[in-house]
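Each chain is listed here by its residues.
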Amino acid sequence: MRKNDGDMEIALEVPQPRLRAVPSDPAPPDDSPSDAELLARVGERDREAFEILYGRYVRSVFGLALRRLGDRGHAEDAVQEAFTAIWRSASTYRPERGAAGGWLYTVARNAIVDRLRRNGPSADAELPELASLEPGPAQQAEQSDVAWRVHRALEELQPRERQVIELAYWSGMSQSEVAEYLHLPLGTVKTRTRSGLARLAAVLEGEL
Amino acid sequence: MSREPNLNDLIGDEATGAERQQLQNVHEMLLEAGPPPELSDTLEAGPNLGMTLGQQQRQRKVKRRAMLLLAAAIAVFAVFVAGYASRSTGGGGPHALITQQFTGTKLVPQAQGTLQVWNSQDAGTNWPMTLSVVGLPTNSYYDVYLVRNGKPWGACGTFRVGGSNESPVTVTLSAPYTIHSGDTWVVTRPGRGGSEPGQTVLKPVNA
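Residues numbered from 1 in each chain as written. Chains lettered and ligands numbered in written order. Predicted model: local features only at pLDDT ≥ 70, side-chain atom pairs only at ≥ 80, totals over all residues. Heavy atoms only, no water.

Caption draft 1: Layout of the overall build of chain A. Helices and strands together make up the secondary structure of chain A, namely ten helices and zero strands. For chain A, the computed accessible surface area is about 10500 Å², with 51% contributed by carbon and sulfur atoms. (Helix = DSSP H or I, 4+ residues; strand = E, 2+ residues; numbered from the N terminus. Areas by Shrake-Rupley, 256 points an atom, 1.4 Å probe, with all protein chains shown as cover.)

Caption draft 2: Highlighting the packing of helix α3 (residues 47-69) of chain A against helix α4 (residues 72-89) of chain A. Residues and elements named next belong to chain A. At a minimum axis distance of 8 Å, the contact between α3 and α4 shows a crossing angle of 140°. Taken together, α3 and α4 sit at an angle that is classed as oblique. Read as a crossing pair, α3 and α4 show a hand that is right-handed. Residues Arg47, Phe50, Leu53, Tyr54, Tyr57, Val58, Val61, Phe62, Ala65, Leu66 and Leu69 of α3 pack against Arg72, His74, Ala75, Glu76, Ala78, Val79, Ala82, Phe83, Ile86 and Trp87 of α4. Broken down by class, the residue content of the contact of α3 with α4 amounts to 17 nonpolar, one polar and three charged. (Axes fitted to C-alpha atoms, helices over the stretch in contact; angles between N-to-C directions. Parallel < 35°, antiparallel > 145°, perpendicular 65-115°, else oblique. Left-handed = near helix turned anticlockwise from the far one by under 90°. Contact = heavy atoms within 4.5 Å. Nonpolar A, V, L, I, M, F, W, Y, C, P; charged D, E, K, R; others polar.)

Caption draft 3: Inspection of the pairing of strand β4 (residues 140-148) of chain B at higher detail. Residues and elements named next belong to chain B. Along β4, eight of the nine residues are buried, which leaves the element largely enclosed by surrounding structure. Bridge analysis of β4 against strand β5 (residues 151-161) gives nine bridges, and the strand direction is antiparallel. Paired with Arg148 across the bridge in β5 is Lys151. As consecutive antiparallel partners, β4 and β5 are separated by two residues, and within that stretch Asn149 has a phi angle of approximately 55°, a positive value. Where β4 lies against strand β7 (residues 184-190), five bridges are found, and the strand directions are antiparallel. Pairing of Val144 across the sheet is with Val187, part of β7. (Buried < 20%, exposed > 50% of the residue type's maximum accessible area, 1.4 Å probe, protein only. Pairing = 2+ DSSP bridges.)

Caption draft 4: Spatial organisation of the nonpolar core. Counting residues in each nonpolar core, the largest one holds 36 residues, and the members touching the most others are Leu39, Leu53, Val61, Phe83, Ile86, Leu104 and Trp148 of chain A. Per-element accounting of this core gives the leading share, eleven residues, to α3 of chain A. Among all residues touching Ile86 of chain A, those that are not within four sequence positions of it are Leu39, Val42, Phe50, Leu53, Trp103, Leu104 and Val107 of chain A. Ala111, Tyr142, Val144 and Trp185 of chain B belong to the second-largest nonpolar core, a separate cluster that totals 27 residues. (Core = buried A, V, L, I, M, F, W, Y, C linked by side-chain atoms within 4.5 Å.)

Caption draft 5: Molecular detail of the pattern of salt bridges. Residue and element names in this part refer to chain A. Scanning the model with the defined rule gives 14 salt bridges over all chains in all. Between Glu155 and Arg162 there is a salt bridge whose closest N-O contact spans 3.9 Å. Take Glu155 and Arg162: they sit in the same class, and that class is buried. Overlapping salt bridges, with partners in common, bring together Asp35, Arg56, Arg152 and Glu156 in one network. (Salt bridge = Lys/Arg side-chain N within 4 Å of Asp/Glu carboxyl O.)

This is the structure:
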């Protein structure tokens, strides 16, 4: 069964949120290479750098593809094509022309648009003909951009911070329920949430 | 059903001024962004070799097409030989009653396939089918539908194409229906909700 109704699923099956494994020890202080450094290494065919970059961006790329294509199978194909394009064209990235995140967004978006075109008119035919209250193209683009940046920034959090943020925002649980679920004092959950939000703000401001 | 989190509930009222505004901005962005998508096991596993071989694959496009054609020919030949051999054995052995060749739609023009419907002792309720396909996008699921009077009439099963679309994939399915003259089959992507056919990727030759 495909899972396009993630919110409903989370709400009904708490606590089964889409959490990633949290290591027992927090991640060490961040001295990892920047996206631009990784892109430069990928341009020299460094597979390890490519894997790191993939880990940082796969959720953003998949989220973007899912928003545009509306189908998990097509979106997975688009992710494959986007990262193939990133591997192929990383050497053309020039840091002086803009941030690496923006370059990656453009490459991924182009791959997704190509996939959309290849799906052809039959894909459009699946769209309802009735007037919709859904956001228009411009608003959708803005939402996609925000989602891209936020999902990318989440990857920069320590796993424990990311966990409380994801639970607080998308599990439907209250902070007290999060604390109970994680077997943590409520104060610790609030502290981690605040530090996670502050870290996200710093990442987003630095990157944008 | 899920309630929208309130920043005061999340962090209390300690942060003030510029810091508060900064956290409020991030809070609103998180609400707008929504949750990160859940990754499939395939995506979670990390980049695959195909991503880093893309360039070489493009350079070898002509060769790859030739390989696909060869693989398709082998698949068709194998199905033919299997059918011929089973007929040759005579007696109660199964033999193909229907053989249908597939060609890719414009979604996957390079794809091809062959479907054979076999006789069996309980024919009339379950018709075993052997489907061989090549050239379909990998790591995806597909459905087989019986087509009657030009419309998808009944599902005959689901299969998955794994790591390489250059190797023929052969699966055994069943048509649990009474088959009529003129019935054909198509292969589709899974449809929305899983109950209706999605986009057709393989159609009968000459359809």
